[in-house]
Structures are given as C-alpha cells and as structure tokens.
Amino acid sequence: MADLRVKIGALTLQNPVLTASGTFGTGEELADFIDLNKLGAVVVKGVTLLPREGNPMPRIAECAGGMLNAIGLQNPGIDRFISEKTPFFEKFKVPFLVNISGYQPAEYGELAKRLEAVPSVAGIEVNVSCPNVRYSKGAVFAKDPRAVGLITRLVKKNTKKTVIIKLSPEVSDIKIIAKAAEDNGADALSLINTISGMAIDINTRRPKIKNIMGGLSGPAIKPVGIRCVWQVYNTVKIPLIGMGGIMNVSDAIEYLLAGATAVAVGTGNFINPAATLEIIDGLNRYMKSNKIKNIKELTGKIIL
Amino acid sequence: MKKILNAKIISNKKVSGEYRKIVLNAPSIAKTAVPGQFVTLKLGSGNVPFLRRPMSIHKIKPPVIELLYKVRGVGTELLAKYNEKDTLEILGPLGNGFKTDGSFSTAILVGGGYGIAPLLALHDRLKKLDKKIITIIGAKSKTLVNKEGFTGALIATEDGSDGIKGLVTKILSSTCCNLSTDSVIFACGPDKMLKAVSEAGRLHNIPCQISMENLMACGVGVCLSCVCAVKQGLKTENKRVCVDGPVFDAEEIIWQI
C-alpha cells in the first residue's frame, strides 16, 4: 500500500485530500455520501466574529467550465459556530480545520484566540482573500503583503494550532505575498481562492449575480491555480495546499506535480459529493501503477 | 438516506403541451422519497452543463420515479436527448417534502406552470390518505398546462386558452370561501404566485405549505446559494431551500418580491 501521508504544520494527514472551505459545510451535510474519516482533513465553511446573513439573491451563476458565486460569508458567527458546530467534529478522528475571515486584522487574532480554546479544532485556515466582501479599507488583504504579514502574525500569536493562509491569485506577484505569510510564521498556504468575475443576462441586462461580481471557481480556473502553486513552490519552503478546479484524480496529481503537498476539492463537491474519496482511490491506483511508494515523491516533480 | 445512483431510463417522451416526462428506475430513491422532495441530475459527461440540475419528483411508484420537465435551457435540452435504456446519474431524495400527517380533511393543491411537478406525487399520497382533493392549475397558456393524473382539476390561464382567464388566485379565493376550516393549501409555482396564494391562505385562515424554487449549486446544503429569508422568532434567517425546504410553512417566509 502506498504511503499517502503528508505533513501540514503540526498535523500529519493520512492522505493529501482535503475539502475546500465553503463547499463542504461542516461535513455533516455530506456524511450520507462520504465516510469523513477517510479524508485527509475537512476544512469547514468560513466563520466571522459576528453573524453574517450573506449577500442578497441570486448568489450564483453557472458559466463555461465553472460557476460564479457571491455568497458573502453567510455564517452564524464564532459564538454559535463553536457551540453548535464544533461538537460534531469530536465524533471523528479526521482533523477539522476552521476557516476564518475578518474585516480588521485584529479580528483574525480574536478568532484565532477563540478557536485555540476548542480542542476539536485541529487548525485554522485564514481567509484573507474572499473577493465578495468589503473589508474595512475597501481592499482585499491578500493584495497587500504587509496586511497578510500582520494578519499571519496576529493569528500565530493567538494559537498554537496549525495556521494556513489562503491566498488570492489576483495579485501582481503572488510570490511576494506568499513570502510575507511565510516570513510571519504561516505553517502552510492554500492556493488559490476564487477569481473575481462577472456575468450579464442579455435579456434583462442585469448582472446574473445580485452582488454584481462573484468569485469564479471550477475547472475554468485550474490553470491559474497550477501556475500559482508552481510559482510559490519555487519561492517558499512551507507546504502548499493546491485548489481551484479539481474535479478528479488527474487534476489533483497535476497540482502535486506543480508543487502542492496536498490538494483541496471545492466546487467539485457540488457536482460529485464523493469526488474526494474517488480522488484518494485514484491516487492509490496512480502510485501503484507508477511504482511510487510515497506521495511526497510527486510534489514539485514536474519535468521541465 | 440520500444516494447517488445510475438510474436506467425507462422512457423519456413528450406528454402534453410543452412538457416531457422521464421515467427512471431508481429503487433506493423511490423507496424512501416523499412528495415534495427532489433529485439532482448530472447531465452529460463533461463540464457542460457544469452544475447538477435539481428537479422535483413528479411521481413515486417504486421502483420507479418520474420527473416532469420542459425544455428551456442547456440542461433540459440535453435531458430531452437521453434515450430509453441510457443511464442517468441522479442524487436524492433531497430536501423536506410536504407534511401530510395533519388531521385536515380537504387539501387544495395549487400549481403554477412547471410548479405542478411535485403536486402529482402529493395528489397520489393524499388519495391514499382519503383526503378530499381540489386541484387548481395555472399557466400562461394552454400548452403550459399539464393536468395529466389530476382528476377534476380547475384551470386558469393568463390568456384564457384553457379554463378561466386569469390567475390561480381567482379560483382559489372562490374555493376557499366554501371550505370548512380543516383544510390545507399545498402550492408550488413562481414566487409571485406563492406569495399571492400565501396571502389568500392567511385571509381565509387556511394553513399553507409552499414549495420554493431557487438557483442551486450543490442541492445538499453546503454551498448556501439557494437561501430564502425566513422568520426566526423576532429575527430573520437565511434558510437553505435545498435542505431546510423546499417545502416551507407559508407564514415563515419573508417575501423579497
């Protein structure tokens, strides 16, 4: 049997297949289709300090090879999240990582502190890159290396858990942003968040999404994700979690070859709720037929 | 329990007007499905169309389920091309169905256009429960009226090409006036119709269950695409049509239209 284990920060995952935040709820919703304990880790839907009702409808639009979404981080807020959602995590041996978002850098520190006190939370994914919410200064933190550095520091100061920073591909040089996160203590990076886009209904002439702009996800963005992982792999030493358009095992392997240590399935879960498990099986088959003993032998092994 | 299965197509053909019906062999879904629930279909083998397509279960006849549809976009165009003996990947049964366990004696079914789809399964269920059933069907015009399977349905069309000229609420109001109090309205259709039906229900003091429709990506409660505003005590909460609905108590809904 091939060794699929990977290390992300302090965590050793039994395999490199995760769920991308916002596409898997807390895992509870999909427990009918999937034995959650078979996953590498579950990354749950993003949470903010205060409850958020999210954006107005319509929130999604289908497009070629993907979809646009502007959900707007609808969530019950950290208090209700901890009391209502985290007890579910205790039933499983698979690590649960919680995705956090804030409007001010200080909020990230506060969220990390609150989650530090919850033993069933294995790690924190820091979302500095949601394209669908307005931050205090109007800009996405992920575009500013100083903001990314500051938020990383604040989160690290408040937790001993594994900290992953989720970056946006919509920057002039992702290497600079990735370095800022690494230099300030990030244990790993998630690459990439959605890419902002727009679609217009030509009959009504209205935007298909009420928020006007939304985040593009799905196979359409996979080449961008692969490119970002490749660029960042050659810049930082911390592990990368590749995501963006992964629908099947070959997509996952492509990310590994580009330099990802692990991968996350996002929008792919909507099309096939069992996609993650099929990818794990597919990795086993691929490794067997290519005589690869350890999954680490694939990371960054693109031949140039 | 919800399942993904490759269902064999028994038939897929035109039924009446612009409607088509696909009959699927789906034993595990048919066994547990209740009226008002839906399934999602993976159409085609590639990324077009990208998302699964949610569809109400039109008829439940284990081991078979039937879906009623109208060709109106890339998804349904592709669906119409599936042949007998092909398989179709379906996921379900999803969502919460209509509640039929109350002590009511009369059920008023109100379907607008394609909204008639889940009401046939409900009609069959209510018949088994020995309820008196009044069915009101509304549509823009005759070709959009599907009354197959409903006995003695009252029809309203906007252009008057079938039944009375006007909206379903015209028939509903006169029907409600002559009813005993232990009745329930079950409705599915466009939001405007559902809102009007809910108001008629309130006016006549008849409880009303409505099946909402919304754009969905996942259908299983994780993406939060399909929410609608629902009263939660003194507060409002965005509830998911796919798992908290699609059937809601009309009084819960905070209409955005």
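The preceding data block contains the structure.
So, here's what we can say about the structure. (Residues numbered from 1 in each chain as written. Chains lettered and ligands numbered in written order. Predicted model: local features only at pLDDT ≥ 70, side-chain atom pairs only at ≥ 80, totals over all residues. Heavy atoms only, no water.)

## Looking at the overall build of chain B
This is how it is decided: Numbering of helices and strands runs from the N terminus, with a helix taken as a DSSP run of H or I at least four residues long and a strand as a DSSP run of E at least two residues long. To get the radius of gyration, use the C-alpha atoms; to get the globule rule, take the number of residues to the power 0.38 and multiply by 2.2 Å. Relative accessible area decides the class of each residue, using a 1.4 Å probe on protein chains only: under 20% of the type maximum gives buried, over 50% gives exposed, and in between gives partly exposed. Residues are treated as being in contact if the distance between any of their heavy atoms lies within 4.5 Å. Note on areas: Shrake-Rupley with a 1.4 Å probe; residue coverage comes only from the protein chains shown.
Assigned secondary structure in chain B consists of five helices and 16 strands. Over its C-alpha atoms chain B spans a radius of gyration of 18 Å, differing by no more than 12% from the 18 Å that the globule rule assigns to 257 residues. By principal-axis analysis of the C-alpha atoms, chain B measures approximately 50 × 45 × 35 Å. For chain B, the proportion of its 257 residues judged to be buried stands at 57%. For chain B, the share of sequence-separated contacts (at least 6 apart) that also reach a separation of at least 24 residues comes to 63%. Just so you have it, chain B exposes about 11100 Å², and 52% of that area is on carbon and sulfur atoms.

## Examining the sheet that holds strand 3 (residues 38–42) of chain B
Backbone-to-backbone hydrogen bonds pair the strands of a sheet. The strands run either parallel or antiparallel. Residues and elements named next belong to chain B. Spelled out, the test is: Two strands pair under a simple rule: DSSP has to find at least two bridges between them. A fitted line through C-alpha atoms represents every axis, and for helices the fit uses only the stretch in contact; the resulting angles, taken between N-to-C directions, go from 0 to 180 degrees.
In space, the seven strands of this open sheet follow the order 4-3-7-1-2-6-5, with antiparallel pairing throughout. The strands lining the two open edges of the sheet, one partner per strand, are strand 4 (53–56) and strand 5 (59–61). Between one strand axis and the next, the sheet turns by 35° as a mean value, whatever way the strands run. Relative to strand 7 (residues 87–94), strand 3 runs antiparallel, the two being bridged by four bridges. The residue bridging Phe-38 from the neighbouring strand is Leu-94, located in strand 7. Strand contacts of helix 3 (residues 117–128): strand 4, strand 5 and strand 6 (64–70), with the helix running at about 45° to strand 5, the strand carrying the most contacts.

## As for the sheet that holds strand 10 (residues 154–157) of chain B
All names here are of chain B. With respect to topology, seven strands assemble into an open sheet ordered 11-10-9-8-12-13-16, the strand pairing being mixed. This sheet does not close on itself; its edge strands, each paired only once, are strand 11 (164–165) and strand 16 (247–249). Pairing of strand 12 (residues 183–188) with strand 13 (residues 208–211) involves four bridges; the strand directions are parallel. Paired with Ala-187 across the strands is Ile-210, a residue of strand 13. Of the strands in this sheet, strand 8 (106–112), strand 9 (132–139), strand 10, strand 11 and strand 12 are in contact with helix 4 (residues 168–177), which crosses strand 9 at around 155°. Relative to strand 12, helix 5 (residues 191–203) is tilted by about 170°, and along the sheet it contacts strand 8, strand 12 and strand 13.

## Concerning the interface of chain B and chain A
Stated formally: Note on terms: buried area is the combined drop in 1.4 Å-probe accessible area of two parts once they are placed together, counting the loss on both. What makes a salt bridge here is a side-chain nitrogen of Lys or Arg within 4 Å of a carboxyl oxygen of Asp or Glu, nothing more. We call two N or O atoms a polar contact when they sit within 3.5 Å, provided that within protein one can donate a hydrogen and the other can accept it, with sequence-adjacent residues counted only if both atoms are side-chain atoms.
Listed as interface residues are 28 residues of chain B and, on the opposing side, 30 residues of chain A. Among the residues of chain B in contact with chain A, Phe-50, Val-222 and Leu-224 of chain B are the three that bury the most area, contributing 28% of the side total. For the pair chain B and chain A, the number of links is four salt bridges. The closest approach of N and O atoms between Arg-240 of chain B and Glu-29 of chain A, which form a salt bridge, is 3.5 Å. At the boundary of chain B and chain A, one finds nine residue pairs in polar contact (both at pLDDT 80 or more). Elements supplying a minimum of two residues to the side of chain B that touches chain A: strand 1 (3–16) and strand 15 (235–240) of chain B. Per element, the largest residue contribution to the side of chain B that touches chain A is three residues, and it comes from strand 15 of chain B.

## Some thoughts on the packing of helix 1 (residues 77–89) of chain A against helix 2 (residues 105–116) of chain A
All names here are of chain A. Operational definition: Convention used here: angles under 35 degrees read as roughly parallel, angles over 145 as roughly antiparallel, angles from 65 to 115 as roughly perpendicular, and any remaining angle as oblique. Should the near helix be turned counterclockwise from the far one by less than a right angle, the crossing is left-handed, whereas a clockwise turn marks it as right-handed. Only Asp, Glu, Lys and Arg are considered charged in this grouping, and only Ala, Val, Leu, Ile, Met, Phe, Trp, Tyr, Cys and Pro are considered nonpolar; every other residue, Gly among them, is considered polar.
Look at helix 1 against helix 2: their axes get within 11 Å of each other, and the N-to-C directions meet at 20°. With respect to helix 2, the element helix 1 is oriented roughly parallel. The element helix 1 and its partner helix 2 pack so that their crossing is right-handed. Taking contact as the criterion, the partners of Ile-78, Asp-79, Phe-81 and Ile-82 in helix 1 are, on helix 2, Leu-111, Arg-114 and Leu-115. Looking at the contact of helix 1 with helix 2, its residues break down into five nonpolar, no polar and two charged.

## A short note on the pattern of salt bridges
The final tally for this structure, using the stated rule, is 23 salt bridges over all chains. Among the ionic pairs, Lys-222 of chain A bridges to Asp-251 of chain A, the shortest N-O distance being 2.7 Å. Of this pair, Lys-222 of chain A sits in helix 5 (residues 222–233) while Asp-251 of chain A sits in helix 6 (residues 249–258); the two residues are 29 residues apart in sequence, bridging distant segments of the chain. Comparing Lys-222 of chain A with Asp-251 of chain A, the two get one shared label, buried. A salt bridge links Asp-162 of chain B to Lys-147 of chain B; the shortest N-O distance between them is 3.2 Å. Taken together, the positions of Asp-162 of chain B in the loop between strand 10 and strand 11 and Lys-147 of chain B in the loop between strand 9 and strand 10 put the pair 15 residues apart, joining distant regions of the chain. Among the charged side chains, a salt-bridge network with shared partners connects Glu-29 of chain A together with Arg-240 and Asp-244 of chain B.

## A few points about the packing of aromatic side chains
All names here are of chain A. Rules: Stacked, tilted and edge-to-face are the three classes assigned to paired rings of Phe, Tyr and Trp, where Trp is represented by its six-membered ring and a pair needs centres within 6.5 Å; plane angles under 30 degrees give stacked, over 60 edge-to-face, the rest tilted.
On inspection of all chains with the given rule, the structure shows eight aromatic pairs over all chains. Between Phe-89 and Phe-96, the ring centres sit 4.3 Å apart and the planes meet at 10°, which makes this aromatic pair stacked. There is no split in this pair, since Phe-89 and Phe-96 are both buried. Cluster of aromatic residues (ring-pair linked, three or more members): Phe-81, Phe-88, Phe-89, Phe-92 and Phe-96.

## A short note on the nonpolar core
The nonpolar side chains of a soluble globular protein tend to be buried, and buried together. Put simply, the test is: Buried Ala, Val, Leu, Ile, Met, Phe, Trp, Tyr and Cys residues that are joined via side-chain atoms within 4.5 Å together make up what is termed a nonpolar core.
Judged by nonpolar contacts, the single largest core of 137 residues is most densely connected at Ile-100, Val-126, Val-128, Ile-165 and Leu-189 of chain A together with Val-110 and Ile-185 of chain B. Examining the composition of this core, we find that six residues originate from one element, helix 8 (residues 275–289) of chain A, more than from any other. Counting 45 residues, the second largest nonpolar core, distinct from the first, contains Ala-7, Ala-30, Ile-90 and Ile-116 of chain B.

## A look at helix 3 (residues 145–158) of chain A
Residue and element names in this part refer to chain A. Our working definition: Residue count minus one, scaled by 1.5 Å, sets the expected span of a helix.
Taking 1.5 Å of rise per residue, the 14 residues of helix 3 would be expected to cover 20 Å, and the 20 Å separating its terminal C-alpha atoms lies within 8% of that figure. Inspection of helix 3 places Ala-147, Val-148, Gly-149, Ile-151, Thr-152 and Val-155 among the buried residues, and these make up the whole buried set. The secondary structure elements touched by the buried residues of helix 3 are strand 7 (96–100), helix 2, strand 8 (121–127), strand 9 (162–167) and helix 4 (174–183). Regarding helix 3, its N-cap is Asp-144, as a side-chain oxygen of that residue lies 2.9 Å from the backbone nitrogen of Arg-146 further along.

## Topic: the packing of helix 5 of chain A against helix 6 of chain A
All names here are of chain A. Interhelical geometry of helix 5 versus helix 6 gives an angle of 25° and a closest axis separation of 8 Å. Here helix 5 lies roughly parallel to helix 6, going by the angle between them. Here Lys-222, Gly-225, Ile-226, Val-229, Trp-230 and Tyr-233 of helix 5 come into contact with helix 6, specifically with Asp-251, Glu-254, Tyr-255 and Ala-258. For the contact of helix 5 with helix 6, a count of residues per class yields six nonpolar, one polar and three charged.

## Here we look at helix 6 of chain A
Residue and element names in this part refer to chain A. Buried residues of helix 6: Asp-251, Ala-252, Ile-253, Tyr-255, Leu-256 and Ala-258, and no others. Buried residues along helix 6 sit against strand 10 (188–191), helix 5, strand 13 (240–243), strand 14 (262–265) and helix 8. One or two residues past the end of helix 6 sits Gly-259, with phi positive at roughly 135°.

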